[in-house]
Amino acid sequence: MNPLSSPHVPTFRDSALLWCGRLTLGAAAAILASTVLIMLYGVVMRYVLGGAPIWVDELTRYLIIASVMLALGAVWVEGAHMRVALLERRLPPRLASLLVYYQWWLTLVLMLGATWMTWHYAMSASMFRTMGMGISRSIPMLSMPVGFALMTLQVVLHGPRPLATQALDNADDETPGESGPSSTSSEPRT
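To start, this report covers the structure provided alongside it. (Residues numbered from 1 in each chain as written. Predicted model: local features only at pLDDT ≥ 70, side-chain atom pairs only at ≥ 80, totals over all residues. Heavy atoms only, no water.)

**Things to note about the side chain of His158**
Worth spelling out the cut-off: Segments assigned H or I by DSSP are reported as helices when at least four residues long, segments assigned E as strands when at least two residues long, and all are numbered from the N terminus. Summary of the burial criterion: residues with accessible area below 20% of their type's maximum are buried, those above 50% are exposed, and those between are partly exposed, where the area comes from a 1.4 Å probe applied to protein chains only. Pairs of residues are marked as contacts when any of their non-hydrogen atoms sit within 4.5 Å.
Among the secondary structure elements, His158 is positioned in helix H6 (residues 143-158). Residue His158 is classed as buried on the basis of its relative accessible area of 4%. Leaving out residues up to four positions away in the same chain, His158 has contacts with Arg13, Leu17, Trp76, Val77 and Leu163.

**A few points about the packing of aromatic side chains**
Rules: Only rings of Phe, Tyr and Trp enter the pairing, Trp through its six-membered ring, and a pair is recorded when the two centres are within 6.5 Å. The plane angle decides the type: under 30 degrees is stacked, over 60 is edge-to-face, the rest tilted.
Going through the model one piece at a time under the given rule, you end up with 2 aromatic pairs. Each ring, one from Tyr41 and one from Trp55, has its centre 6.0 Å from the other, and the planes form 20 degrees; the classification is stacked. Residue Tyr41 is found in helix H1 (residues 12-47), and its partner Trp55 is found in helix H2 (residues 55-78); the two are separated by 14 residues along the sequence. On the accessibility criterion, Tyr41 (37% relative accessible area) is partly exposed.

**Section: helix H4 (residues 93-124)**
Heads up, the condition is: For a helix, the expected span equals 1.5 Å multiplied by the residue count minus one.
In this model H4 runs 46 Å from its N-terminal to its C-terminal C-alpha over 32 residues, within 8% of the 46 Å that 1.5 Å per residue would give. Every buried residue of H4 is accounted for by Ala96, Leu99, Val100, Trp104, Thr107, Leu108, Met111, Ala114, Thr115, Thr118 and Ala122. Looking at the buried positions of H4, the neighbouring elements they touch are H2, helix H3 (86-90), helix H5 (138-141) and H6.

**Let's talk about the pattern of salt bridges**
Put simply, the test is: The salt bridge criterion pairs a side-chain nitrogen of Lys or Arg with a carboxyl oxygen of Asp or Glu, the two atoms within 4 Å.
Tallied over the full model, the rule gives 2 salt bridges. Measuring nitrogen to oxygen at the nearest pair gives 2.9 Å for the salt bridge that ties Arg161 to Asp14. Within this pair, whereas Arg161 is found in the loop between H6 and helix H7 (167-171), its partner Asp14 is found in helix H1, the two being separated by 147 residues in sequence. You can call Asp14 buried: its relative accessible area is 5%. Between Arg46 and Asp57 there is a salt bridge, with its nearest N and O atoms 3.8 Å apart. Here Arg46, found in helix H1, pairs with Asp57, found in helix H2; they are 11 residues apart in sequence, far enough to count as distant.

**Regarding H6**
The terminal C-alpha atoms of H6, which comprises 16 residues, lie 22 Å apart, in line with the 22 Å expected from a rise of 1.5 Å per residue. All buried positions along H6 are accounted for by Ser143, Pro145, Gly147, Phe148, Met151, Thr152, Gln154, Val155, Leu157 and His158. Tucked into the core, H6 has its buried residues touching H1, H2, H4 and H5. Phi for Gly159, located one or two positions after H6, is positive at around 75 degrees.

Shape descriptors only; they carry no functional weight alone.
What follows is the structure in structure tokens.
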């Protein structure tokens, strides 16, 4: 379930966050599908026709990195990444709220820093060429600052509110006999 599908009326920020997530996940899925096709081409060329072009391995490596970088922010917003939410669940509400604010600010600062550092790294690699494709190394390296910038945008749009928790996180808090819609909900706890 999408964390933005709560019963409240979606704001512009919620709608922008939802569409940004859909676009980045769609682009990441398209890149990943093209990666699979390129890998299949390389396998056919290598084992059926006797030799694969050198650029196949290099291109698939860069495309996999690009797909992960694009999906990074949407996965964070949905709470689908690996995280431990024990403190958020066990602290009193006031302290849990402070922890959420701290986590949000820390994530924002880290993503801004990562965007800045990877941008400079990608630009510093512009004088070098890739071995297989013969293009400037800054072109595939730009997937890192683009991915971190998109995640920064999604962090800003999400704001300092709790991330969605996964159904398994919620299931361990229930009593053994409970069932119903609350056992599969991924809504954030308040």
